[in-house]
Amino acid sequence: MQKVVMSGNQAVARGFWEAGGVVAASYPGSPTVEILESVKAYKEIYSHWAMNEKIALEIAMGSSMAGGRAMASMKHVGLNIAADPFMTFTQTKTNGGFVLVVGDDPGLSSSQNEQDTRVYARFANVALLEPSTPQEAKDFVKLGLSLSEENGTPVIIRLTSNLCHSRGVVALSEREEKDIPGFVKDQPRYNMLPPHANRQQIFMHERVLKLQGYAEESPLNVLVPREGSDTLLVTSSLPYCYLMELKPEASVLKLGMTFPLPVQKIRQLSHNYRQTIVIEELVPLVEQELKAAGIAVKGKDYFPFTGELTTDVIRAGLIQAEVECSAPQATVEPSSSPRRTPMLCAGCPHRPIFDVLREADVTVIGDIGCYSLGILEPFEVLNTVISMGASLGMIQGVAKAHRYADKVRPLVATIGDGTFFHSGLSGFADLARTEENITIIVLDNRTTAMTGGQSTPTTRDYLKDESLYGMSIAEILVAFGIRDVQEIDQFHLSKTRRVISEAMERDGLSVIIAKRPCALNFKVVNPHFFVDPEVCIGCRRCIQVNCPPISMHTYPGIDDSKSFIDPKMCVGCSVCSQVCPVKAIKSSALLKKGGGSK
Amino acid sequence: MSVTSIMIAGVGGQGLVLATRIVASVALAEGCDVKTGDVVGLAQRGGMVWGSVRFGEVVHSPLIPAGSGDFMLAMEALEGLRWAHLLKPGATVLLNNYSIFPNRVLLEKDVYPEDVPGLLKARGLETVSIDAETMAEEMGNRKLANTILLGALSASLPFPVKTWQGVISENVPPKTVELNLKAFDAGRDAATSDNH
């Protein structure tokens, strides 16, 4: 049997392939982006980047109804968008195996909230599996598809950021093809209106009881006993691996399935121990369920309800609970080192927009994408970041509250092309006839940049690639009846400044579409710029446009520090040269023509 | 066989994920159990990036508990300093002699630490400085810096050169295999000839 090193995400893709999966759909979001990227390598599977998570789930749902094994994958907040179809789909008796793979983000390394997907399992009456290694990620996807078909239920596979990205050794198997019967008409099964939907409440209730019976006996929930210990630790997912590393003086019950729980099994086991402690990341779901069943357990008394439970965090909790660990502990203090926060890339097309908005000192309603970084210093331009597409509704509400309070002033929102197609279309349709002074800047960089450069419907226009699905945001908005729509090249800074400031003076909706492409994704590189230190007055205006290659520098023979551009990092966008008040920043292309002065 | 832990630290865009994968694949090819951890996401936009590789007979966790790491490959100096507390006393740091200023340093709100090798030595760590960027440029391609650093790391690990060469060849673009193998040798030589 071949063994390879795979990430949790890659292992999910492999498991789906081995299980004979036929349709996989997703919307890119960290930490699960790599799942669908990996699925693409398996030619038997139809893989689809949908416009949003709801559509991804619906595509997978359709395949399942037709009998084809299906997978939808998304980040945790994506499930909020997909929850509408999911909460009704779960009432139907699942046909072809259906797994919903969700990536939670304890510690919020790349998300706007820390919600716990396990809560959805109870809400939707479905089984939820939690792998702790890439091998289990592969195995649990396959098992999940079987459980799905055997019990007529969707199954959630819950991953966390660290598991998605961590790698381990995975043993590979071959693909098993499944017979696909095609869609069979069955009105009571798929038409979720009364009285059919009423009947399905009972179906779901019985389904959960059956799954609970399975949980009691399942090898997914396994005890690792420790002779002579008086403590039982109940855990799942990566914290189990950290516990194995720490070697505590305790028996460990590893739950591979955290909904429904094997309550009877835990009740019986707990009788053999002085104390039972639940170690779970995020909300005390297992802890509360066991307490409700009358089992005396502790959990969040010792372990935090937010952030990741790492080896070091778990050790600290165990010490509090007076459980010894045999793994040695070292105490080493970290060095004090300057923080390194994310920043816009060299040549990023969002930079000039943020520079203009900072100067305009206007209220900006933000949205989700790379441009969310506009909240960071030195721009601090975006005043809100909530959820995908939310800027368009929010800005109307702010305007109306201002009007009521007689505090009317111009309002601006920024939204990217990815977010526009994900959940901005209905927001724009809603805004089309507003009479308030609202300016929306669409940052059309032709890609879903933050998640690694997946294509959007405007990628084709830039790449001139006819195989891509192409749309024009301007044409869509005009079709909505919005008249005040302009496209601009934001690297023409003075013009950009004028267009934005004029739009802010007009009542009604103005839309400005900034068309420069993502420099990182499309590898846009022009001759680098340089600073002439003899001309530079050290005013730091260029530093304030905040580009990775630009810093203050001590030049030989010059007392005061002057700005400097690292030629290896500069991609020649020219924005810094346009803000320089003394024209000290020039293109190296001029040097080659003999037109520069250095 | 106890578990050996390697921390790999750098900045978004430095190719750290590939480096982590290569070390892990070498360990697997030599019959070890192996786990790695990675941070990605927002880190892609110039933030800090780290990877951990742990190998041995049985490896439970991808994360390196504080004070237990055996080696660090620091692709950027400040990031080497940031994660130094994960290493045990006497551990070896292969330090790329290269600085990328974080945002707050660019904005003059923080100062980039001077003499990172000295600070690491003061923590009781063996520090081997490698000029991978300059070496790579001399070889004609800045992207070779990572392979040079992997070569340097290989000198400290118990795996045959042949296995490294095989894994690197499988993981770099076919046209660049020869150049990458040269870079690997150069890094390995630099680490072994360096007087710490």
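1. Looking at the overall build of chain A
Turning to step 1, where the next piece is worked out: The helix and strand tally for chain A stands at 21 helices and 25 strands.
Turning to step 2, where the next piece is worked out: Reported as C-alpha extents along the three principal axes, the dimensions of chain A are approximately 80 × 65 × 55 Å.
Turning to step 3, where the next piece is worked out: The 598 residues of chain A split such that 61% are buried.
Turning to step 4, where the next piece is worked out: At a minimum sequence separation of 6, the contacts of chain A that also span at least 24 residues come to 74%.
Turning to step 5, where the next piece is worked out: As presented, chain A carries roughly 24,300 Å² of accessible surface, and 53% of it is formed by carbon and sulfur atoms.
Turning to step 6, where the next piece is worked out: Taking the average location of the 60 positive side-chain charges in chain A and that of its 65 negative ones, the two points are 4 Å from each other.

2. As for the sheet that holds strand E1 (residues 3-7) of chain A
Turning to step 1, where the next piece is worked out: With mixed pairing, eight strands are arranged side by side in an open sheet as E1(A)-E8(A)-E2(B)-E3(B)-E1(B)-E4(B)-E5(B)-E6(B). Every interior strand has two partners, whereas the edge strands, E1 of chain A together with strand E6 (126-130) of chain B, have only one. Pairwise comparison of adjacent strand axes, ignoring direction, gives a mean angle of 25° for this sheet.
Turning to step 2, where the next piece is worked out: Across the face of the sheet, helix H6 (residues 134-151) of chain A comes into contact with E1 and strand E8 (167-171) of chain A while running at roughly 50° to E8 of chain A.

3. A look at the nonpolar core
Turning to step 1, where the next piece is worked out: Core analysis: the biggest nonpolar cluster contains 78 residues, and Met71, Ile157, Ile279, Ile314 and Leu318 of chain A have the highest contact counts within it.
Turning to step 2, where the next piece is worked out: It is helix H10 (residues 237-246) of chain A that provides the largest number of residues to this core, a total of seven residues.
Turning to step 3, where the next piece is worked out: Tyr371, Leu443 and Leu493 of chain A together with Leu107 of chain B belong to the second largest nonpolar core, which has 74 residues in total.

4. Here's the deal with the packing of helix H1 (residues 8-18) of chain A against H6 of chain A
All names here are of chain A.
Turning to step 1, where the next piece is worked out: It is at 7 Å that the axes of H1 and H6 come closest, and there the two elements cross at 35°. Along this stretch, H1 crosses H6, giving a crossing that reads as right-handed. The segment H1 lies against H6, with Gly8, Ala11, Val12, Arg14, Gly15, Phe16 and Glu18 engaging Pro134, Ala137, Lys138, Val141, Lys142 and Leu145.
Turning to step 2, where the next piece is worked out: A breakdown of the residues in the contact of H1 with H6 according to their chemical character gives seven nonpolar, two polar and four charged.

5. Side note on the state of the cysteines
All names here are of chain A.
Turning to step 1, where the next piece is worked out: As enumerated under the stated definition, the model contains zero disulfides over all chains in all.
Turning to step 2, where the next piece is worked out: Lacking any disulfide linkage, cysteine 164 is separated from the closest cysteine sulfur, that of cysteine 241, by 14 Å.
Turning to step 3, where the next piece is worked out: In this structure cysteine 518 is not part of a disulfide, and its nearest cysteine sulfur, from cysteine 370, lies 6.4 Å away.
Turning to step 4, where the next piece is worked out: Exposure remark for cysteine 518: the relative accessible area of 8% places this residue in the buried category.

6. Things to note about the interface of chain A and chain B
Turning to step 1, where the next piece is worked out: Counting residues at the interface gives 54 residues for chain A and 54 residues for chain B.
Turning to step 2, where the next piece is worked out: Across the interface of chain A and chain B, roughly 4,700 Å² is buried in total on both sides, 55% from carbon and sulfur atoms.
Turning to step 3, where the next piece is worked out: The largest share of the area that chain A buries against chain B comes from Arg167, Pro338 and Arg340 of chain A, three residues that together contribute 20% of it.
Turning to step 4, where the next piece is worked out: Our count for the contact surface shared by chain A and chain B stands at eight salt bridges.
Turning to step 5, where the next piece is worked out: Among the ionic pairs, aspartate 38 of chain B bridges to arginine 167 of chain A, the shortest N-O distance being 3.3 Å.

7. A short note on the domain arrangement of chain A
Residue and element names in this part refer to chain A.
Turning to step 1, where the next piece is worked out: Domain boundaries assigned for chain A yield domain 1 (3-217), domain 2 (221-320), domain 3 (350-514) and domain 4 (529-592).
Turning to step 2, where the next piece is worked out: Contacts between the two partners involve 12 residues from domain 1 and, on the opposite side, 12 residues from domain 3.
Turning to step 3, where the next piece is worked out: Taken together, both faces of the contact between domain 1 and domain 3 bury some 860 Å²; the carbon and sulfur share is 65%.
Turning to step 4, where the next piece is worked out: Between domain 1 and domain 3 we count three residue pairs in polar contact (both at pLDDT 80 or more) in total.
Turning to step 5, where the next piece is worked out: Among the residues forming the side of domain 1 that touches domain 3, the class breakdown is six nonpolar, four polar and two charged.

8. Overview of the environment of aspartate 361 of chain A
Turning to step 1, where the next piece is worked out: Along the chain, aspartate 361 of chain A turns up in the loop between helix H14 (350-360) and strand E14 (363-365).
Turning to step 2, where the next piece is worked out: Spatially, the C-alpha atoms of aspartate 361 of chain A and glycine 256 of chain A are 52 Å apart, while their sequence positions differ by 105 residues.

9. With respect to the pattern of salt bridges
Turning to step 1, where the next piece is worked out: Throughout the structure, instances matching the rule amount to 44 salt bridges over all chains.
Turning to step 2, where the next piece is worked out: Here arginine 54 of chain B makes a salt bridge to glutamate 245 of chain A, at a shortest N to O gap of 2.7 Å. Of the two residues, arginine 54 of chain B sits in strand E3 (residues 48-56) while glutamate 245 of chain A sits in helix H10, which places them in two different chains. Of the two residues, arginine 54 of chain B and glutamate 245 of chain A, neither departs from the other in class, the shared state being buried.

10. So, unusual backbone geometry
All names here are of chain A.
Turning to step 1, where the next piece is worked out: Cis geometry is found at the peptide bond from serine 30 to proline 31, where omega equals 15°.
Turning to step 2, where the next piece is worked out: Relative to the helices and strands, proline 31 resides in the loop between strand E2 (23-26) and helix H2 (33-39).
Turning to step 3, where the next piece is worked out: A cis amide bond, omega 5°, links proline 194 with the succeeding residue proline 195.
Turning to step 4, where the next piece is worked out: Within the secondary structure, proline 195 sits in the loop between helix H8 (187-190) and helix H9 (196-217).
Turning to step 5, where the next piece is worked out: Even without a glycine there, the phi angle at asparagine 125 is positive, about 55°.
Turning to step 6, where the next piece is worked out: Note that asparagine 125 resides in the loop between helix H5 (118-124) and strand E6 (127-129).

11. Notes on the sheet that holds E14 of chain A
All names here are of chain A.
Turning to step 1, where the next piece is worked out: As summarised here, the arrangement of the six strands in space is E15-E14-E16-E17-E21-E20, forming an open sheet in which the pairing is parallel. Edge positions in the sheet fall to strand E15 (382-384) and strand E20 (485-488), since each has one partner strand and no second. Here the average twist between neighbouring strands, direction ignored, is 30°.
Turning to step 2, where the next piece is worked out: Where E14 and strand E16 (residues 411-416) come together, three bridges link them in parallel fashion. Bridging across to E16, valine 364 finds its partner in valine 412.
Turning to step 3, where the next piece is worked out: Of the strands in this sheet, E14, E15, E16, strand E17 (438-443) and strand E21 (509-514) touch H14, which is tilted by about 160° from E17.

Definitions and limits used
- Residues numbered from 1 in each chain as written.
- Chains lettered and ligands numbered in written order.
- Predicted model: local features only at pLDDT ≥ 70, side-chain atom pairs only at ≥ 80, totals over all residues.
- Heavy atoms only, no water.
- Helix = DSSP H or I, 4+ residues; strand = E, 2+ residues; numbered from the N terminus.
- Buried < 20%, exposed > 50% of the residue type's maximum accessible area, 1.4 Å probe, protein only.
- Contact = heavy atoms within 4.5 Å.
- Areas by Shrake-Rupley, 256 points an atom, 1.4 Å probe, with all protein chains shown as cover.
- Lys, Arg positive; Asp, Glu negative; His and termini not counted.
- Charge placed at Lys NZ, Arg CZ, Asp CG, Glu CD.
- Pairing = 2+ DSSP bridges.
- Axes fitted to C-alpha atoms, helices over the stretch in contact; angles between N-to-C directions.
- Core = buried A, V, L, I, M, F, W, Y, C linked by side-chain atoms within 4.5 Å.
- Left-handed = near helix turned anticlockwise from the far one by under 90°.
- Nonpolar A, V, L, I, M, F, W, Y, C, P; charged D, E, K, R; others polar.
- Disulfide = S-S within 2.5 Å.
- Buried area = accessible area lost by both parts, 1.4 Å probe.
- Salt bridge = Lys/Arg side-chain N within 4 Å of Asp/Glu carboxyl O.
- Domains from an automatic or database assignment.
- Polar contact = N/O pair within 3.5 Å; in protein donor to acceptor, adjacent residues only side chain to side chain.

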